[in-house]
Amino acid sequence: TTYMIKNIPNRLTQRKFLEIIRAEYFGSIDFLYLPIDPHSKVNYGYAFANIPNHQDAIQFFKVFHHKCWKHSWNDKICQLTFASIQGKDSQISNILN
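Residues numbered from 1 in each chain as written. Predicted model: local features only at pLDDT ≥ 70, side-chain atom pairs only at ≥ 80, totals over all residues. Heavy atoms only, no water.

## Section: unusual backbone geometry
Among all residues except glycine, the phi angle is most often negative; among peptide bonds, the trans geometry is most common. A positive phi angle is found at Asn7, which is not glycine, with a value near 65°. You can see Asn7 is positioned in the loop between strand S1 (2–6) and helix H1 (14–24). Overall, the relative accessible area of 32% leaves Asn7 in the partly exposed class. Non-glycine residue His66 carries a positive phi angle of around 65°. Mapped onto the elements, His66 comes out in the loop between helix H2 (54–64) and strand S4 (79–82). (Helix = DSSP H or I, 4+ residues; strand = E, 2+ residues; numbered from the N terminus. Buried < 20%, exposed > 50% of the residue type's maximum accessible area, 1.4 Å probe, protein only.)

## Details of the environment of Ser40
Relative to the helices and strands, Ser40 is located in the loop between strand S2 (31–33) and strand S3 (46–50). Note: C-alpha distance between Ser40 and Arg11 (29 residues apart in sequence) is 10.0 Å.

## Some thoughts on the pattern of salt bridges
Note that side chains of opposite charge can pair when their charged atoms are close. Throughout the structure, instances matching the rule amount to one salt bridge. Of the charged contacts in the structure, one is a salt bridge between Glu19 and Lys16, with a shortest N-O distance of 3.7 Å. A residue pair is termed a helical-turn pair when its members lie 3 or 4 positions apart in one helix, as Glu19 and Lys16 do in helix H1 at three residues. According to the relative accessible area criterion, Glu19 is partly exposed, its value standing at 42%. (Salt bridge = Lys/Arg side-chain N within 4 Å of Asp/Glu carboxyl O.)

## Here we look at the pairing of S3
The element S3 is largely enclosed, with a buried count of four among its five residues. Alignment of S1 against S3, held across five bridges, turns out to be antiparallel. Of the residues in S3, the one forming a bridge with Met4 is Phe48. (Pairing = 2+ DSSP bridges.)

## Some points on the side chain of Gln91
Examined against the element boundaries, Gln91 turns out to sit in helix H3 (residues 88–96). Apart from residues no more than four positions distant in its own chain, Gln91 is found in contact with Thr2, Phe31, Phe48, Ala83 and Ile85. (Contact = heavy atoms within 4.5 Å.)

## Things to note about the environment of His65
Position of His65 among the secondary structure elements: in the loop between H2 and S4. Remark: the alpha-carbon pair of His65 and Cys78, spanning 13 residues in sequence, is separated by 5.7 Å. With sequence-adjacent residues up to four places away left out, His65 is seen in contact with Cys78, Gln79 and Leu80. Polar contacts involving the side chain of His65 include one to the side chain of His66, which spans 3.3 Å. (Polar contact = N/O pair within 3.5 Å; in protein donor to acceptor, adjacent residues only side chain to side chain.)

Listed below in structure tokens is the structure:
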């Protein structure tokens, strides 16, 4: 299952984003991508996470969907949707093209 994670605070760095994911979720993720604008050096407010195990995907959804970014200085609420492109290999191919 590949999720699109929305409403990520723009000033959240890739490192901090990964720290939050690791602190809140203990399942497996084989792909995590938070694109950063090369000019402004802030993220675009969304990311993609691929979770190969179905039970882990359900747990990830329960942990993050409709939750506040508690490690942030704003009140954005995390939203999860299924990504239009599913799977690690497909996501990587999409980024590289």
